[in-house]
Amino acid sequence: MKNTPISKPKTLPKKGLSRQKIIKQLSKRLGKDFTYDSGRIVGSMCTNPNRFARFVYAKYLEKNLGDLGLFPNTAQIEKEAIQMLGSLLALPQAAGNIVSGGTEANILALWAARNSAIPEKDEIVLPETAHFCFDKAADLLRLKLIKIRLNGNFQVDCKEVKNAINQRTLAIVGIAGTTDLGVVDPIPELAEIALANNLHLHIDAAFGGFVLPFLKNNCRMPNFDFRLPGVSSITIDPHKMGLAPIPAGAILFRNAELLKKIQTNVGYLAGGESPQTMLGTKPGASAIAVWSVLKYMGTKGYKKVVRGCMALTQRFVEEIETIPGINLVTKPAINVIGIRSDLLNIFELANLLRRKGWAVALFPNHIRIVIMPHIRPIHITLMIRDLKSIMRKYLKKGR
Ligand code: PLP
């Protein structure tokens, strides 16, 4: 990577610049960032937000869900967005909030679980594949993470989960669509364990929540949502496969009482209470955009998007299987693909791909490709061509 040139710190201009000048500067500078439309962002879990949702977002920028008494109708829209997400996850009466993303949602789930339990309970049992936001949550909430090894299918090992439970266990976490490979943990088994031990089970479906419900019936996996009585809370991110503008995550609780455990009542606000999230002032536009994109897309719209991504995932997988020296880490359950190589160091392969303009995500032992809605067949063709060329050159050199 090139070193960033050292530049003088910027100061606030005395006289404001013209809009034209500012736009010119922004286009020049930001135009150099990656764009989703180019199809080069192949390792991210975000995508181009839906065009209508962008329009709605821009229209309601002044709405503040940090002061519910001022914006009661925005608050009602947020409530309905949560209900629609609840219906997707088999509990329309779920309680919750639209938040800034999966990180905040997961922190809130553990915060509520912690405040509902006795102080001696401070251990969270979770898969070693859990997103790094759980490390942040543990640090903030002074909880201890007990990271559990995976089974041969890259899922959390439920036997090990059982063995890890003790008097101090506060909650179990399961993942529906892991960050590294899109794997779905054995959630029904985790739910049984949680029920048997009277523990909070939080499901991180930040990515999978907008994929799993829309897969074709023959690809469906076991339940991961509120149909399982042991599931207490779920994270789902509209700003990933939900096509909502960034930032938009959501946290849903089965029991509304849990939300009260993280509520601060503030007398001076117009409504007398603040939302049960991390933020004070909170973007109402996010919640309104989520409500709008859910209404606009409907089940049918999301099915089409997810099935399109899955068809391209299948094509990518078939092509990968024909390239000598490269393998799949595992057969992808959803539109997240892990590729590895026995021949070429994975850092080197990622570097070569990045040099050819592909923004891949790099994990310790594999490269992650996420086939998001902005990826088109031509992008798959071009990336496969580059992968083949990299491996051909490497194999030739090695002989
Ligand atoms: N949970 C999972 C499974 C994720 O993959 C991610 C991000 O990729 C997160 C949580 C964090 O989400 P965010 O980046 O929106 O905070």
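Definitions and limits used
Residues numbered from 1 in each chain as written. Predicted model: local features only at pLDDT ≥ 70, side-chain atom pairs only at ≥ 80, totals over all residues. Heavy atoms only, no water. Salt bridge = Lys/Arg side-chain N within 4 Å of Asp/Glu carboxyl O. Helix = DSSP H or I, 4+ residues; strand = E, 2+ residues; numbered from the N terminus. Buried < 20%, exposed > 50% of the residue type's maximum accessible area, 1.4 Å probe, protein only. Near = heavy atom within 4 Å. Polar contact = N/O pair within 3.5 Å; in protein donor to acceptor, adjacent residues only side chain to side chain. Areas by Shrake-Rupley, 256 points an atom, 1.4 Å probe, with all protein chains shown as cover. 1 Å grid on protein atoms, 1.4 Å probe; cavity = no way out; pocket = protein on both sides within 12 Å on 5 of 7 lines; lining within 4 Å. Points joined across faces, edges and corners; volume = space filled by probe spheres on them. Nonpolar A, V, L, I, M, F, W, Y, C, P; charged D, E, K, R; others polar. Pairing = 2+ DSSP bridges. Axes fitted to C-alpha atoms, helices over the stretch in contact; angles between N-to-C directions.

Enquirer: I would appreciate a short explanation of the pattern of salt bridges in the present structure.
Expert: For side chains of opposite charge, pairing can occur when their charged atoms come near one another. Scanning the model with the defined rule gives twelve salt bridges in all. Here R315 ties to E319 by a salt bridge, and the two come within 3.8 Å at their closest N and O atoms. One end of the pair, R315, and the other, E319, are both in helix α9 (residues 284-320), four residues apart, so they sit about a helical turn from each other. A residue is classified by how much of its surface remains accessible, and R315, at 26% relative accessible area, is partly exposed. The residue D386 makes a salt bridge to R385 at a minimum N-O spacing of 3.4 Å.

Enquirer: Help me understand the site of the ligand in this model?
Expert: Lining the immediate environment of the ligand, one finds 13 residues, of which T103, T179, D204, H239 and K240 sit closest. In this structure, T179 approaches the ligand through a side-chain N or O atom, which is 2.9 Å from an oxygen atom. Between the ligand and H239, the relevant distance is 2.8 Å, taken from an oxygen atom to a side-chain nitrogen or oxygen of the residue. Burial of the ligand by the surrounding chains reaches 84%, relative to a free accessible area of 390 Å². Here the element with the most residues in the shell around the ligand is helix α4 (residues 102-116); it accounts for three residues.

Enquirer: It is not clear to me how empty space enclosed by the protein should be interpreted in this structure. Could you clarify?
Expert: If a probe as big as a water molecule is rolled over the atoms, it shows which places are left empty. Applying the stated criterion across every chain yields a total of two cavities of 30 Å³ or more. The computed volume of the second largest cavity comes to approximately 30 Å³. Per-element tally for the lining of the second largest cavity: the top contributor is helix α11 (residues 377-398), with three residues. Along the lines of polarity and charge, the residues of the lining of the second largest cavity split into eight nonpolar, two polar and no charged.

Enquirer: How should the sheet that holds strand β3 (residues 144-148) be read in this particular structure?
Expert: Pairing between the strands of a sheet is mediated by backbone hydrogen bonds and can be parallel or antiparallel. The sheet built from seven strands is open, its strands ordered β1-β7-β6-β5-β4-β2-β3 with mixed pairing. The two strands at the open ends of the sheet, each matched to only one other strand, are β1 (95-99) and β3. Pairwise comparison of adjacent strand axes, ignoring direction, gives a mean angle of 20 degrees for this sheet. Sheet topology places strand β4 (residues 169-175) next to strand β5 (residues 200-205); five bridges connect them, and they run parallel. Note on β5: the bridge partner recorded for G174 is I203.

By themselves these figures say nothing about function.
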